[in-house]
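Residue-level structure breakdown
Chain by chain, the residues:
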Amino acid sequence: MELVEHIRITRVNAVKLLRRDSSIPIEGSLSIDVFFLIFSAAQSRNTETDVITLLHTSIYYIEHKPPSLAVSLYLKDFRTFDFEFQQLEQCQAVVASLQPLSRPVVHQLYAFNYMPRQKPSTCPDYSSWLYTLPEPWRVTTVNRDFKICDSYPEEVVVPRSVTDDMLKKIAVFRQSGRFPVLCYHHRKNEGALLRCGQPLRGSGQKYSADDIKLLNMCLTGKRRGQVLDVRSQSTAYHHTSKGGGTELPERYPQWKLVYGDMEAPTEIMTSLEKLMTVCSDHASSSNWCEKLDSTGWLGHVHKLMCAVQLVVRWIDGTDGTSVVVHGATGRDATLAVTSLAQLLLDPQNRTIEGFIRLIQREWLDAGYPFSSFHGSDRNTKERSPLFLLFLDAVWQITRQYPLSFEFNDMFLHKIFTHSHFSPYGTFLYDSLFERLINKLNERSYSLWSYLLEPKLKATLVNPYYSANNSVLSISADVFVMALWSWAYVRGSSSSEAPPPSPEHDVVSVLRETHQKLLDEQAQVRRELEKLQAKGREVLANIEAKCDQPTTEVKGDQPTTEVKGDQPTTEVKGDQPTTEVKGDQTTEVKGDQSTMEVKSDQPTMEVKGDQPTIEVKSDQPTIEVKGDQPTTEVKGDQPTTEVKSDQPPTEVKSGQPTTEVKGGQPTAEVKGGQPTTEVKGNQPAMEVKGDQPMV
């Protein structure tokens, strides 16, 4: 039967929308088409209730008690809408139309008819194994064409020493053929996390030798492994009478069995329905907190987080314990525990794309039956809220580590709502096998492409995010738990997700401004580096032209003096040695020359048999005493004074003066020019004033 045949009435006018948080109703019209229920206010008030559009599949159940003219719609995302009609016939026609439209068969869903305005980009393959496999593990294709287990993917990771024939035998011993497979390997200490279905030992003592070998191959050294049965001990014993059960301790001596004490999915579902009722009455209830506590929902979150605590403590411990997790089918709370453990152990899963990959690998590909557990039939016993329980636990952890997660509350809430009703086909069907045979990828669009669109992704990012590469240690104390109000306390909001908080907008603006300033700073740095490189090149060219080496030879040893940025050579013995003091200094001791630079000019002093040069003042003064003439210049004319056997010459004011003492020359330079004083048999020159004196 086609969906359009279920529509008894297409439009009803003069319908009142009753808001539980307000005594003033909103009047408008109600329209019904194949996929949507649309309420349009008669008068626009520029609010979110002007137009309300609901997918029929978002309706969890409809409440109508004749002869009342009121109809209440309870949605799967905890929103509630109350409508009041003018006539009972109109009311009954709307209810009769919505009942079948809210529970269509899979091939009639809106996801197969949805056409986005802009085709989304190609979605990456998030099913592949994220890590490089360590040596003791391998990928097996024993499940090709889903011959062994139709809820597993075709490729899984198992110990390298386990043969495919052994896996086929083990699959017979485990519930639904779900033999133990690797879902996480802890590189820090080689700890391994595996999941599987319960062993089918029944009330007898059945066991599988190959199953025991497989688990023992997951251990390294003499370390003992841990088996976590997420059920309570009484529930596990109850399944024994049905052919299930747990691992026998005497058959698995290298493994220790621990129970997670989590309730059955049916009990968790009952708790969730109580929570929905309480949250729909939050505005009018005086003892609302007591009713909330009576639902027991936060108690289920607490037990889940306690189980995860154990797994993380075992795997991240110094011994690197390997852990096997299972419940009854391995498609229940098992997946919640293994995925939460990986969230705490691996920082990659705390990013937006990493979290998407985690859900794809640990929920969609691992066989969580979304269509059965999230179906629209309220009366079915197959409904299960374990995926919501998992998302709630993630939200609790983000409260404890608000900086360690790239995504925000809205991201989690969108995943929650789209897992129940969506124009995208990502969460349709119960296994990867069903999605492949129904060609889901060809007939629908991926939710991941939608969430990763840049414009939308910007609203899903946690503005306080700072990558934290450590393993997270959480508190599972019930006193640190809080109600996820964004998900549960919704009222009559027209939007599928709550708006971001004002703090989010402010921090987002600051983050964008900060990034813009960083980009500008990087650009300025690049321009500065270009200018500096150009300046160094110009300076090198100038120095190459202006700074040329000067070589002076006195006695038997050469001395080279270089001004500016050129090297200075100090000679000790027969080899030159360079010592720099100030700008440039060369000192030679013993029989070699010594050069000392003060201010910007070099000073050379020679001790022993070699000349010494000292630079002072800006002009040279030369004085000759002894057997050599001395010339002193004063004014603009030279004056010559001769002492001993040679006429002295004195030059003052601009002219050189040379003085000779004894038989050796001495050269003294004052200021920036050299002064040469010669003692003994060599001439000495001294320069005063602005001109050289000889």
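One can find the structure itself at the top, above this paragraph.
Residues numbered from 1 in each chain as written. Predicted model: local features only at pLDDT ≥ 70, side-chain atom pairs only at ≥ 80, totals over all residues. Heavy atoms only, no water.

1. What to know about the pairing of strand β1 (residues 11-18)
In this structure, β1 lies alongside strand β2 (residues 26-32), joined through 5 bridges in antiparallel fashion. Residue pairing for β2: lysine 16 is matched across the bridge by glutamate 27. Bridge analysis of β1 against strand β7 (residues 80-84) gives 3 bridges, and the strand direction is antiparallel. Its bridge partner being in β7, leucine 17 is matched across the sheet by phenylalanine 83. (Pairing = 2+ DSSP bridges. Helix = DSSP H or I, 4+ residues; strand = E, 2+ residues; numbered from the N terminus.)

2. Quick notes on helix α8 (residues 333-345)
The end-to-end C-alpha distance of α8, which contains 13 residues, comes to 18 Å, matching closely the 18 Å that a straight helix rising 1.5 Å per residue would cover. Counting buried residues along α8, 13 of its 13 residues qualify, which places the element largely inside the surrounding structure. (Expected span 1.5 Å × (residues − 1). Buried < 20%, exposed > 50% of the residue type's maximum accessible area, 1.4 Å probe, protein only.)

3. Observations regarding the sheet that holds strand β3 (residues 36-41)
Strand order across the open sheet formed by 7 strands is β4-β3-β2-β1-β7-β6-β5, with antiparallel pairing between neighbours. Here the strands that pair on one side only, and so sit at the sheet edges, are β4 (51-55) and β5 (59-63). With direction set aside, neighbouring strand axes in the sheet form an average angle of 30 degrees. With 5 bridges joining them, strand β6 (residues 70-75) and β7 adopt antiparallel strand pairing. Along β7, the bridge assignment pairs alanine 70 with glutamate 84. Its contacts with the sheet place helix α1 (residues 88-101) against β1, β2, β3, β5 and β6, and it is angled at close to 50 degrees to β2. Here helix α5 (residues 265-280) sits on the sheet and contacts β5, β6 and β7; the angle it forms with β5, its principal contact strand, is near 60 degrees. (Axes fitted to C-alpha atoms, helices over the stretch in contact; angles between N-to-C directions. Contact = heavy atoms within 4.5 Å.)

4. Some details on the packing of helix α11 (residues 386-400) against helix α12 (residues 409-418)
Put simply, α11 and α12 touch, their axes get as near as 10 Å, and they point 180 degrees apart. Viewed along their axes, α11 and α12 adopt a mutual orientation that is roughly antiparallel. Touching Phe387, Leu388, Leu391, Val394 and Trp395 of α11 are Asp409, Leu412, Ile415 and Phe416, all from α12. (Parallel < 35°, antiparallel > 145°, perpendicular 65-115°, else oblique.)

5. What about the nonpolar core?
When a protein is soluble and globular, its nonpolar side chains tend to lie buried together. Ranked by internal contacts, the top residues of the largest apolar core, which has 120 residues, are Val337, Phe355, Phe387, Phe411, Ile415 and Tyr488. Judged by nonpolar contacts, the second largest core, of 28 residues, contains Tyr152, Ile212, Leu215 and Cys218. (Core = buried A, V, L, I, M, F, W, Y, C linked by side-chain atoms within 4.5 Å.)

6. Some words on empty space enclosed by the protein
Inspection of the entire model under this criterion finds 4 cavities of 30 Å³ or more. Approximately 110 Å³ is the volume attributed to the largest cavity. Every residue lining the largest cavity is counted, 14 residues in all, and those nearest its centre are Lys76, Met269, Leu272, Arg383 and His420. By residue number, the principal contributor to the lining of the largest cavity is α5, which donates 3 residues. In terms of residue class, the lining of the largest cavity is made up of 9 nonpolar, 3 polar and 2 charged. (1 Å grid on protein atoms, 1.4 Å probe; cavity = no way out; pocket = protein on both sides within 12 Å on 5 of 7 lines; lining within 4 Å. Points joined across faces, edges and corners; volume = space filled by probe spheres on them. Nonpolar A, V, L, I, M, F, W, Y, C, P; charged D, E, K, R; others polar.)

7. Topic: the pairing of strand β13 (residues 255-262)
Where strand β12 (residues 225-231) and β13 come together, 6 bridges link them in parallel fashion. In the strand pairing of β13, arginine 231 is matched with methionine 262. Handedness of the crossover is the feature at issue here: the chain leaves β12, passes through helix α4 (residues 233-240), returns alongside β13, and the resulting connection is right-handed. (Right-handed = clockwise from strand over helix to strand, strands pointing away.)

8. Comments concerning helix α7 (residues 297-316)
Under the 1.5 Å per step criterion, the end-to-end length of α7 is 29 Å for 20 residues, consistent within 8% with the ideal 28 Å. Within α7 the residues assigned to the buried category are Trp297, His300, Val301, Leu304, Met305, Ala307, Val308, Val311, Val312, Trp314 and Ile315.

9. Side note on the environment of glycine 28
Mapping glycine 28 onto the fold places it in strand β2. Between the C-alpha atom of glycine 28 and that of phenylalanine 39, which follows or precedes it by 11 residues, the distance is 6.8 Å. For glycine 28, the contacting residues outside a window of four places in its chain are Val12, Asn13, Ala14, Val15, Phe39, Ser40, Ala41 and Ala42.

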